[in-house]
Amino acid sequence: EEARARLALSEVRWVPSGQPGHRGAPVAPAQDRLAMLELAIGNDPHAVLDAAELAGPDPTYTANTLARLRRELGHDLPLALIIGSDQFTALHTWREWQRLFDLAHIAVAKRPGHAIDARRLPAALAAAYAARHADRIGDQPAGRIVVFPMTVLNISSTAIRAAIAAGRSARHLLPDNVLAYIQSRHLYEAATT
């Protein structure tokens, strides 16, 4: 709830990646990833599932996704891209990363072991952070960087997939209904990432 207040969220749009342009293809098929996400968000009235990236075979990039959302939602609505602090420290490696600030705010969730230290960021990212860091998004449509706390749980999708591949329990790392789906479909059993 604190994050919702700091970011003034009215809707959280969940966008499962189609064919990520920055890494290999996802381990699970698109229809399974979509089903797991539907189970995870359940009946949350603030959650909206956006499966547009799953429709095509072309690589998907965050800048293109945000540009699409701007075309659909208009240019005046404040948008925030929520990423973990581990991803923020690598933001400068993303395709058209500086364009992201023209399209949305960057809302950075603090993750264990991934503190943001501006002195350790690459120069261009450190400069963007210094110029754009704010306590709140406010009513601007894009351009700010807001860091917010999350419940301190050291959970990652990579660790969950690795646990399942190794035959270890992933219980309490994700919703029970999602784990049951993974088990029923034998997802990630042979995967290590």
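None of these values were measured; they are calculated from a predicted model.

What counts and what doesn't
Residues numbered from 1 in each chain as written. Predicted model: local features only at pLDDT ≥ 70, side-chain atom pairs only at ≥ 80, totals over all residues. Heavy atoms only, no water. Helix = DSSP H or I, 4+ residues; strand = E, 2+ residues; numbered from the N terminus. Buried < 20%, exposed > 50% of the residue type's maximum accessible area, 1.4 Å probe, protein only. Contact = heavy atoms within 4.5 Å. Phe/Tyr/Trp six-rings, centres within 6.5 Å; stacked < 30°, edge-to-face > 60°. Salt bridge = Lys/Arg side-chain N within 4 Å of Asp/Glu carboxyl O. Pairing = 2+ DSSP bridges. Right-handed = clockwise from strand over helix to strand, strands pointing away.

Enquirer: Would you mind going over the overall build of the chain in detail, with residue names and values included?
Expert: A tally of regular secondary structure across the chain gives eight helices and seven strands. Here the chain holds 193 residues, and 37% of them are scored as buried. Pairs at least 24 apart in sequence give 69% of the contacts found in the chain among residues at least 6 apart.

Enquirer: Mind laying out unusual backbone geometry, listing which residues take part and the relevant values?
Expert: The phi torsion at His 186 lies on the positive side, around 55°, for a residue other than glycine. Considering the arrangement of structural elements, one finds His 186 in the segment after helix H8 (176-185). Unlike most non-glycine residues, Tyr 188 shows phi in positive territory, near 70°. When you line up the elements, Tyr 188 lands in the segment after H8. The class of Tyr 188 is buried, set by a relative accessible area of 12%.

Enquirer: Tell me what's going on with the packing of aromatic side chains, and back it up with residues and numbers.
Expert: The geometry of two aromatic rings is summed up by the distance between their centres and the angle between their planes. Under the definition given, this model contains two aromatic pairs. Seen in terms of ring centroids, Phe 88 and Tyr 129 are 5.8 Å apart; in terms of plane orientation they differ by 55°. Their pairing is tilted. Highlighted residues: Phe 88 in helix H4 (residues 85-88) and Tyr 129 in helix H6 (residues 123-132), separated in sequence by 41 residues. Overall, Phe 88 belongs to the buried group, its relative accessible area being 0%. Seen in terms of ring centroids, Trp 97 and Phe 101 are 6.3 Å apart; in terms of plane orientation they differ by 80°. Their pairing is edge-to-face.

Enquirer: Talk me through the pattern of salt bridges; I want residue IDs and the actual numbers.
Expert: This structure, assessed with the given rule, holds eight salt bridges. A salt bridge links Asp 117 to Arg 119; its shortest N-O distance comes to 3.0 Å. We classify Asp 117 as partly exposed; its relative accessible area is 24%. For Arg 119, a relative accessible area of 75% gives the class exposed. The network of salt bridges with shared partners includes Glu 11, Arg 13, Asp 50, Arg 68 and Glu 72.

Enquirer: Residue-level account of the pairing of strand E6 (residues 105-109), with values.
Expert: The element E6 is extensively covered by neighbouring structure, given that five of its five residues are classed as buried. Going residue by residue along E6, you find His 105, Ala 107 and Ala 109 tucked away on one face and Ile 106 and Val 108 tucked away on the opposite face as well. Note: strand E5 (residues 80-84) against E6, five bridges, orientation parallel. When the sheet's bridge partners are listed, Leu 81 is paired in E6 with Ile 106. In terms of strand pairing, E6 meets strand E7 (residues 145-148) through four bridges, oriented parallel. The partner of Val 108 across the bridge, within E7, is Val 147. Once the chain exits E6 it traverses H6 before rejoining the sheet at E7, and the crossover so formed is right-handed.

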